[in-house]
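Chain and residue survey
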Amino acid sequence: MFAVLPSIDNQISEIAPGFRALSISVEAAPVTQPQIASQMLTDACRYVSEQQPDWAVAHLAAWAEVFQNFGAKPKRTPCSAEALRKRVLRDGSLPAIDPVVDLYNAISLRFAIPVGGENIDAYVGQPRLCVAEGNEQFDTVKDGETTLETVDAGEVIWRDDLGVTCRRWNWRQGIRTRLDARAGRMWFILESLPAMPLSAVEEAGDALIAGLEALMPGAVCDSRWLGNTQN
C-alpha cells in the first residue's frame, strides 16, 4: 500500500491557526456499485436543506475568515464546502458528475468540510500546501478553452513539483490532477479548522472510506493526520 506524504508550509499556521487535515490514500478498484455514490449525494443534499450540525455554520465562517487572511474574497471565491452548500440551497440538489466525485462531494456537504480528491498518479512529487510567490502556473478552463494562469502572490495553494494543483487553498482544482473513477491511485484531503470538532473530522474520514470501499470493493485505504490535532 502506498501513502501520499503531503507537507504544510510553516506560514500556514499564521494564516490558519489550528489547521488540521486528514489525508487519505487509496489503491482503487473497479467501481461496481455506482448507485451508492448517487444515493449518498442525494441524502447529503437533503441533509443540507433540512439540518446541519451545530458547529457547521461556525466552521464555514472560520474558513471565510481564513480566506480573508490571505487576501481572497470569500463571497466571490468561497471555500469548496461553502460553494457546494450554496448551490444546494439555491438549486435543491447537485448534478451527478462521476461516482467518486459524487461521493466526496456528499461527504463535504454532510460534514461542512472542504474535501479534495486528486489523481495522485498525475502528480510530480508530493503535494504541498504553501503560500504562492506569484509566478506559479495553474491550468484551468476559460471560455471553453484550456489555459494557463499565474496565481497571485500571497495566495495559499496546493501544488506539486510541476505547478499549482488547487487555487485559493481549496477553491478551484486544476485540470492535470483532476480525479474520476478511472484513476488507479487516489488521494483525498479533508481540511478543517478548530471550529469543527476533531471527532467530526474523524467521522467524515470514516464515512468517506466506508463509501469508497462500498463503491469499489477491494479498494485499500490509508489515512493519516496532518497539522494540529491537539484540539
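What this report covers is the structure whose coordinates are included nearby. Quick caveat, the model's predicted, so the values are computed rather than measured.

A few points about the nonpolar core
The tendency in soluble globular proteins is for nonpolar side chains to be buried side by side. Ranked by internal contacts, the top residues of the largest apolar core, which has 58 residues, are F19, W169, F188, L190 and L208. Looking at this core, the elements with two or more residues in it are α1 (12-15), β2 (20-27), α3 (56-69), α5 (99-111), β4 (128-131), β7 (156-159), β10 (185-192) and α6 (198-215). Top element by residues in this core is α6. It accounts for seven residues. Dropping the residues within four chain positions of it, F188 is found in contact with L22, S23, I24, V26, V100, Y104, G116, G117, L179, L208 and L212.

Quick look at empty space enclosed by the protein
This model, assessed by the stated rule, comprises one cavity of 30 Å³ or more. Roughly 30 Å³ of volume is contained in the largest cavity. Forming the boundary of the largest cavity are V48, Q52, L60, A81, R85, S108, L109 and A112. For the lining of the largest cavity, the secondary structure elements donating two or more residues are α4 (80-91) and α5.

Remarks on the sheet that holds strand β11 (residues 220-227)
If you walk across this open sheet you meet the four strands as β3-β10-β2-β11, and the pairing is antiparallel. The outermost strands of the open sheet, each flanked by one partner alone, are β3 (115-119) and β11. Across the sheet, the mean angle from the axis of one strand to that of its neighbour is 20 degrees, orientation sign disregarded. Direction of pairing for β2 relative to β11: antiparallel, over a ladder of eight bridges. Paired with L22 across the strands is W225, a residue of β11. Packing of α5 onto the sheet brings it into contact with β3 and β10, and relative to β3 it is tilted by some 160 degrees.

Description of the layout of surface pockets
Taken as a whole, the largest pocket holds about 910 Å³ of empty space. Around the largest pocket, the lining comprises 37 residues; the ones closest to its centre are S80, Y104, W171, R172 and Q173. Within the residue set of the lining of the largest pocket, elements represented by two or more residues are α4, α5, β3, β5 (137-142), β8 (164-167), β9 (172-173) and β10. Tallied by class, residues from the lining of the largest pocket come to 20 nonpolar, nine polar and eight charged.

Definitions and cut-offs
Residues numbered from 1 in each chain as written. Predicted model: local features only at pLDDT ≥ 70, side-chain atom pairs only at ≥ 80, totals over all residues. Heavy atoms only, no water. Core = buried A, V, L, I, M, F, W, Y, C linked by side-chain atoms within 4.5 Å. Buried < 20%, exposed > 50% of the residue type's maximum accessible area, 1.4 Å probe, protein only. Helix = DSSP H or I, 4+ residues; strand = E, 2+ residues; numbered from the N terminus. Contact = heavy atoms within 4.5 Å. 1 Å grid on protein atoms, 1.4 Å probe; cavity = no way out; pocket = protein on both sides within 12 Å on 5 of 7 lines; lining within 4 Å. Points joined across faces, edges and corners; volume = space filled by probe spheres on them. Pairing = 2+ DSSP bridges. Axes fitted to C-alpha atoms, helices over the stretch in contact; angles between N-to-C directions. Nonpolar A, V, L, I, M, F, W, Y, C, P; charged D, E, K, R; others polar.

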